[in-house]
Amino acid sequence: MAQLVSSASTSLDGFIALPNDDPGPLFDWYSAGDVVITNAGDLPPFHLTPTSAAHWRAWVASLGCLLVGRRQFDLTDGWRGRHPLGVPIVVVTHEPPSGWSYPGSEDFTFAGTLEEAVAAATAIAGERVVGVAAGEVATQVHAAGLLDEVRIDLVPVLLGHGRRYFTHRHTPLSLADPIGVVVSERVTHMSFPARR
């Protein structure tokens, strides 16, 4: 069965973006090296260090589906029908978009509840990983007791304010010891299994 794994570039104080949704310096590690990583869709290639490139390739190869919220879908205009990671997307939303159509948009599934979205995403992913968007969706998946792992691309910066990785700080999340720590230029990649 698919694992539900959240992953995000995160500041030292737990933010995944500035208040205006700009990642600011959190994505600097995408251009910190010489290894060219091409993306699906319209996103330009990354230029990663060899260490980050190996980490990134392993993560992308593990993915079978992404689970995102309507807010992220709207902010990106649904990545114009093709997510940079090139995998199917399940969007949690009470109101699927009308009139939204791009080539590749058949890879998008819209689900009205978290339960429906998780069921759709795990069915699509099969034995592979469901990548869970940080923020509200990761918080809801955690609150439902379904989150298997938290991955953090920890960037050495303090943003001071912005969008948090987990939106409800009053909901405890107990993580096991890290199962992976990879130190690279401008980022440390870490993986923590969730305790249940």
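Structural notes, computed from the coordinates. (Residues numbered from 1 in each chain as written. Predicted model: local features only at pLDDT ≥ 70, side-chain atom pairs only at ≥ 80, totals over all residues. Heavy atoms only, no water.)

1. Overview of helix H1 (residues 50-62)
Relative to the 18 Å expected for 13 residues at 1.5 Å per residue, H1 spans 19 Å between its end C-alpha atoms, a close match to the ideal helical length. For H1, every residue scored as buried is listed here: Ser52, Ala53, His55, Trp56 and Trp59. End-on, the buried residues of H1 take up no more than an arc of 165 degrees, which puts them together on one face. Turned more than 90 degrees off the buried face of H1, the exposed positions are Pro50 and Ala61. (Helix = DSSP H or I, 4+ residues; strand = E, 2+ residues; numbered from the N terminus. Expected span 1.5 Å × (residues − 1). Buried < 20%, exposed > 50% of the residue type's maximum accessible area, 1.4 Å probe, protein only. Arc of directions from axis to C-beta.)

2. With respect to the pairing of strand S6 (residues 89-92)
A two-sided burial pattern is seen for S6, the buried positions comprising Ile89 and Val91 on one face and Val90 and Val92 on the other. As paired elements, strand S5 (residues 63-69) and S6 share four bridges and run parallel to each other. Residue leucine 66 lies in a different strand from S6, and its bridge partner there is isoleucine 89. On the question of chirality, the crossover connecting S5 to the parallel S6 by way of helix H2 (residues 70-75) is right-handed. Summarising the sheet, S6 and strand S7 (residues 108-111) pair through four bridges and their orientation is parallel. Bridge pairing in S7 links valine 91 to phenylalanine 110. (Pairing = 2+ DSSP bridges. Right-handed = clockwise from strand over helix to strand, strands pointing away.)

3. Some thoughts on the pattern of salt bridges
Taken as a whole, this structure holds five salt bridges when the rule is applied. One connected set of salt bridges, linked through shared partners, spans Asp21, Arg71 and Arg163. (Salt bridge = Lys/Arg side-chain N within 4 Å of Asp/Glu carboxyl O.)

4. Structural notes on the packing of aromatic side chains
Tallied over the full model, the rule gives 14 aromatic pairs. Note on tryptophan 29 and tryptophan 56: the rings are 6.2 Å apart at their centroids and 70 degrees apart in plane angle, and the pair reads as edge-to-face. A residue pair is termed long-range when its members are at least 10 positions apart, and tryptophan 29 in the loop between strand S2 (15-17) and strand S3 (35-37) and tryptophan 56 in helix H1 qualify at 27 residues. Look at tryptophan 29 and you get buried, because its relative accessible area is 1%. Ring centres 5.4 Å apart and planes at 90 degrees place the aromatic pair phenylalanine 73 and phenylalanine 110 in the edge-to-face group. One end of the pair, phenylalanine 73, is in helix H2; the other, phenylalanine 110, is in strand S7, with 37 residues separating them in the sequence. The buried category is assigned to phenylalanine 73, whose relative accessible area is 2%. Through a chain of ring-to-ring contacts, three or more aromatic side chains come together here, namely Phe73, Trp79, Trp100, Tyr102, Phe108 and Phe110. (Phe/Tyr/Trp six-rings, centres within 6.5 Å; stacked < 30°, edge-to-face > 60°.)

5. A short note on helix H3 (residues 114-125)
Taking 1.5 Å per residue, 12 residues should reach 16 Å; H3 reaches 16 Å between its end C-alpha atoms and fits that length. Among the residues of H3, those classed as buried are Leu114, Ala117, Val118, Ala121, Thr122 and Ala125. End-on, the buried residues of H3 take up no more than an arc of 120 degrees, which puts them together on one face. Those residues of H3 that are exposed and angled more than 90 degrees off the buried face are Glu115 and Ala123. Its buried side turned inward, H3 meets strand S1 (4-11), S5, S6, S7, strand S8 (129-132) and helix H4 (136-143). (Contact = heavy atoms within 4.5 Å.)

6. Concerning the environment of arginine 128
Tracing the backbone shows arginine 128 in the loop between H3 and S8. The spacing of arginine 128 and serine 62 is 66 residues in sequence and 5.8 Å in space, taken between C-alpha atoms. Excluding anything up to four places from it in sequence, arginine 128 contacts Ala2, Gln3, Val60, Ala61, Ser62, Leu63 and Gly64.

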